[in-house]
Amino acid sequence: MSLCTLKEVLSYAKDKKAAIPAFNIDNMEIIQSIFKASEEEEYPVILAVGQAAIRDGRMALLAAAARAFAEKSPIPVVIHLDHGQSLEQVRMALDCGFTSVMIDGSKLPFGKNVRISEETLKLAKAAGASVEAELGCILGVEDDISHDDNKPFLVRTEDVKAFNEAVTVDALAVGIGNAHGIYKGLPNLDFERLSEVNDISKVPLVLHGGSGIPADMIQKAISLGIRKINVATEIRLAYVKGITGAVECGDFYPIANAGKAEVYDLVKGKIQLFKNGMVK
Ligand code: 13P
């Protein structure tokens, strides 16, 4: 059994000055490809179940599949709830055996974000799981969120300080200009803000919206304390590219395998990049 918590893999990432990938899993083929690449790279992996998969009724199924693979795998594996929307959803995930839950209180006023994160911690602690919280707005699908500074979507250092003092989560997702989905042009990441936040944060930092961020920016983010990087859109696009390229043959397994091959290549490349700086 190689299931472990987010806290455990992030402590490994801190030691290695590297980041652990959180890949969204949406179906069996994607899970298979992620395990193959991660095992070859002998690197921990976070399998994230997101809101689209949950809306499609896949939470328990994906968790069960991930767990079955993890039981036979030599690498550390975290099963993680991505952008948990409520305590009810957190409870459901913990009942399904998730070893880590994110509570996304970033749309809430600061005090309510602290309180829902505290409640999530109580539930997660009782189940032996880790907790990720979020401060600042991650653009894209979350673009209705704003903070009242002159760069409204950026995490504020004073909020990080106050949040850290109020509640001790295991990881903190920060908005530094990152966005979900594919960026139109180059991402405009505020590394100065990331550096300021890293200087005061007591917990490892998380970069959402990892799809389409160029390698040099990823390396810089890791050097400034990012320890978990989420990738969803690029995984889905790779899978769709693979299956659509093979669809002419009309045969299930060749089509499924073409999807798997694309996801495998993508995941392998991301792991090699996120290992950047890894101390041998
Ligand atoms: P992307 O879809 O941009 O890779 O973002 C993934 C993510 O941050 C999931 O929480």
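If you're wondering where the values come from, they're calculated on a predicted model, not measured in any experiment. (Residues numbered from 1 in each chain as written. Predicted model: local features only at pLDDT ≥ 70, side-chain atom pairs only at ≥ 80, totals over all residues. Heavy atoms only, no water.)

A. Focus on the overall build of the chain. Helix and strand content of the chain: 11 helices and eight strands. Radius of gyration (C-alpha) of the chain: 18 Å, near the 19 Å computed for a compact globule of 280 residues. Classification of the 280 residues of the chain by burial places 56% in the buried group. Taking as baseline every contact in the chain between residues at least 6 positions apart, the subset at least 24 positions apart corresponds to 71%. The distance from the centre of the 31 positive side-chain charges to the centre of the 37 negative ones in the chain is 3 Å. (Helix = DSSP H or I, 4+ residues; strand = E, 2+ residues; numbered from the N terminus. Rg over C-alpha atoms; globule rule 2.2 N^0.38 Å. Buried < 20%, exposed > 50% of the residue type's maximum accessible area, 1.4 Å probe, protein only. Contact = heavy atoms within 4.5 Å. Lys, Arg positive; Asp, Glu negative; His and termini not counted. Charge placed at Lys NZ, Arg CZ, Asp CG, Glu CD.)

B. Highlighting the nonpolar core. Counting 90 residues, the largest nonpolar core has I25, L172 and L194 as its most contacted members. Looking at this core, the element that brings in the most residues is helix α11 (residues 252-274), giving seven residues. Beyond its immediate sequence surroundings of up to four residues, L172 is in contact with A133, E134, L135, V160, F163, V203, P204, L205 and V206. (Core = buried A, V, L, I, M, F, W, Y, C linked by side-chain atoms within 4.5 Å.)

C. Representation of the pairing of strand β2 (residues 45-49) within the structure. Counting buried positions along β2 yields five of five residues, so the element is predominantly enclosed. Every second residue of β2 is oriented toward a common face, with V45, L47 and V49 on one face and I46 and A48 on the other, all of them buried. Where strand β1 (residues 20-24) lies against β2, three bridges are found, and the strand directions are parallel. From the neighbouring strand, A22 faces β2, where its bridge partner is I46. Bridge analysis of β2 against strand β3 (residues 77-84) gives five bridges, and the strand direction is parallel. Looking across to β3, one finds that L47 is bridged to I79. (Pairing = 2+ DSSP bridges.)

D. Just the environment of G111, in detail. On the secondary structure map, G111 appears in helix α6 (residues 110-127). For G111, a relative accessible area of 30% translates into the label partly exposed. As a C-alpha pair, G111 and L47 span 64 residues in sequence and 30 Å in three-dimensional space.

E. Focus on the sheet that holds β1. The parallel closed barrel is built from eight strands, whose spatial order is β1-β2-β3-β4-β5-β6-β7-β8. Strand-to-strand twist across the sheet, computed as the mean angle between neighbouring axes with direction ignored, equals 25°. Bridge analysis of strand β6 (residues 171-174) against strand β7 (residues 205-207) gives two bridges, and the strand direction is parallel. Note on β7: the bridge partner recorded for A173 is V206. Across the sheet, helix α4 (residues 59-71) is in contact with β2 and β3; its angle to β3 comes to roughly 160°. (Axes fitted to C-alpha atoms, helices over the stretch in contact; angles between N-to-C directions.)

F. Looking closely at the pattern of salt bridges. Under the counting rule described, the total for this entry stands at 14 salt bridges. Close ionic contact of E41 with K268 constitutes a salt bridge, the shortest N to O distance being 3.2 Å. Of this pair, E41 sits in helix α2 (residues 28-41) while K268 sits in helix α11, and the two are 227 residues apart along the sequence. Like E41, the residue K268 is buried in the burial classification. Among the salt bridges present, the one from E119 reaches K122, with a minimum N-O distance of 3.1 Å. Here E119 and its partner K122 are both found in helix α6, three residues apart, which amounts to about one turn of the helix. Judged by relative accessible area, which is 55%, K122 ranks as exposed. Salt bridges sharing common partners tie together E40, E41, K268 and K275. (Salt bridge = Lys/Arg side-chain N within 4 Å of Asp/Glu carboxyl O.)

These results come straight from atomic positions and should not be treated as a statement about function.
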